[in-house]
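# Survey of secondary and tertiary structure
Take a look at the letters that make up each chain.
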Amino acid sequence: EDKVVQSPLSLVVHEGDTVTLNCSYEVTNFRSLLWYKQEKKAPTFLFMLTSSGIEKKSGRLSSILDKKELFSILNITATQTGDSAIYLCAVEAWGNAGNMLTFGGGTRLMVKP
Amino acid sequence: NAGVTQTPKFRILKIGQSMTLQCTQDMNHNYMYWYRQDPGMGLKLIYYSVGAGITDKGEVPNGYNVSRSTTEDFPLRLELAAPSQTSVYFCASSYPTGGANYGYTFGSGTRLTVV
């Protein structure tokens with residue numbers, strides 16, 4: 001059974017801090033790893049990672065994948081209160097009927113002023 | 001371009017009632033999915049479809065049914081609602097393979113409470 005585990009479960013930091021969120025996985029037929037940010041409603045897409053060692057960056061957010069050790073990290077530098085959200089990691093794998101997403105349980109980040 | 005549209009946004013059901021959660025997408029995506037998200041948890045796959053007329057069970061299919069008569073629509077049916085089905089339900093769609101437009105698009109969710 002495919003498995004995605006995120007840590008920590010929750011995190012409280014102050015504005016300006018840097019945070020690192022972790023995602024480890026065990027899947028058969030890995031295709032890609034995706035990071036999402038979820039505030040009040042539907043998850044919004046952040047990054048898709050398919051290759052090891054290549055950092056993806058968007059503003060203060062960055063992410064990298066290690067396909068040998070089966071994990072990814074999401075870094076947020078100079079955190080702001082608007083970064084408060086649940087961050088979801090999902091792994092896409094090829095199944096019998098095509099590609100499927102398995103989600104981790106999420107990391108709840110709270111950024112205090 | 002509307003993306004993925006879910007209705008209703010909120011619903012309260014009594015135990016034993018039935019209802020259909022509607023999902024429609026206008027991106028011509030082959031793949032569609034139903035997820036549920038319990039408080040403080042990640043998303044769990046209920047059912048998915050790889051194209052019109054083809055559906056399959058996900059991780060937590062019990063108590064639900066789906067159909068896919070068209071590419072655009074993927075309704076989720078609850079026949080005998082139970083309190084354990086209190087959750088937020090998300091519909092999503094995607095292309096089956098990578099490309100410039102690759103990615104999953106989520107609907108805004110349906111918050112269902114069974115009392």
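Everything below is about the structure printed above this text.
These notes cover the structure that comes with them. Just so it is clear, the structure is predicted and the values come from calculations on it, not from any experiment.

Summing up its helical and strand segments, chain A has zero helices and eleven strands in all. Counting helices and strands in the order they occur from the N terminus, chain A gives β-β-β-β-β-β-β-β-β-β-β. Computed over its C-alpha atoms, the radius of gyration of chain A comes to 14 Å, within 12% of the 13 Å expected for a compact globule of 113 residues. Overall size of chain A, expressed as C-alpha extent along the three principal axes, is 45 × 30 × 20 Å. Carbon and sulfur atoms make up 51% of the accessible area of chain A, which amounts to about 5,600 Å² in all. The average position of the 12 basic charges and that of the 11 acidic charges among the side chains of chain A differ by 5 Å.

So, about the overall build of chain B. Helices and strands together make up the secondary structure of chain B, namely zero helices and eleven strands. Taken from the N to the C terminus, the helices and strands of chain B come in the order β-β-β-β-β-β-β-β-β-β-β. A principal-axis box enclosing the C-alpha atoms of chain B has dimensions of 45 × 30 × 25 Å. In chain B, which comprises 115 residues, the proportion classed as buried is 46%. In chain B, the share of contacts with a sequence separation of at least 24, taken over all contacts with a separation of at least 6, comes to 55%. Counting every atom, chain B has about 5,400 Å² of accessible surface; 52% of that belongs to carbon and sulfur. One finds the centroid of the 9 positive side-chain charges in chain B at a distance of 10 Å from the centroid of its 7 negative side-chain charges.

What follows is about the interface of chain B and chain A. Taken together, the 23 residues of chain B in the interface contact 22 residues of chain A. Interface of chain B and chain A: buried area, both sides summed, is about 1,700 Å²; carbon and sulfur atoms make up 57% of it. There are zero salt bridges connecting chain B and chain A. One can count three residue pairs in polar contact (both at pLDDT 80 or more) joining chain B with chain A. Looking at the side of chain B that touches chain A, the elements that each hand over two or more residues are β4 (31-37), β5 (43-51) and β9 (87-94) of chain B.

Right, let's talk about the pattern of salt bridges for a bit. Residues and elements named next belong to chain A. Applying the stated criterion across every chain yields a total of four salt bridges over all chains. The shortest N-O distance in the salt bridge between D83 and R60 comes to 2.8 Å. Within this pair, whereas D83 is found in the loop between β8 (71-76) and β9 (85-95), its partner R60 is found in the loop between β6 (56-58) and β7 (61-66), the two being separated by 23 residues in sequence. What makes D83 buried here is its relative accessible area of 5%. R60 sits in the partly exposed class, given a relative accessible area of 24%.

Our next topic: the sheet that holds strand β1 (residues 3-7) of chain A. In a beta sheet, neighbouring strands pair by backbone hydrogen bonds and run either parallel or antiparallel. All names here are of chain A. Ordered in space as β1-β3-β8-β7-β6, the five strands form an open sheet in which the pairing is antiparallel. A single partner strand is all that each edge strand has here, and the edge strands are β1 and β6. Adjacent strand axes in the sheet meet at a mean angle of 15° when their direction is disregarded. In this sheet, β8 lies alongside strand β3 (residues 19-26) in antiparallel orientation, the contact comprising six bridges. Across the sheet, T20 pairs through a bridge with N75, a residue of β8.

Cut-off values and rules
- Residues numbered from 1 in each chain as written.
- Chains lettered and ligands numbered in written order.
- Predicted model: local features only at pLDDT ≥ 70, side-chain atom pairs only at ≥ 80, totals over all residues.
- Heavy atoms only, no water.
- Helix = DSSP H or I, 4+ residues; strand = E, 2+ residues; numbered from the N terminus.
- Rg over C-alpha atoms; globule rule 2.2 N^0.38 Å.
- Areas by Shrake-Rupley, 256 points an atom, 1.4 Å probe, with all protein chains shown as cover.
- Lys, Arg positive; Asp, Glu negative; His and termini not counted.
- Charge placed at Lys NZ, Arg CZ, Asp CG, Glu CD.
- Buried < 20%, exposed > 50% of the residue type's maximum accessible area, 1.4 Å probe, protein only.
- Contact = heavy atoms within 4.5 Å.
- Buried area = accessible area lost by both parts, 1.4 Å probe.
- Salt bridge = Lys/Arg side-chain N within 4 Å of Asp/Glu carboxyl O.
- Polar contact = N/O pair within 3.5 Å; in protein donor to acceptor, adjacent residues only side chain to side chain.
- Pairing = 2+ DSSP bridges.
- Axes fitted to C-alpha atoms, helices over the stretch in contact; angles between N-to-C directions.

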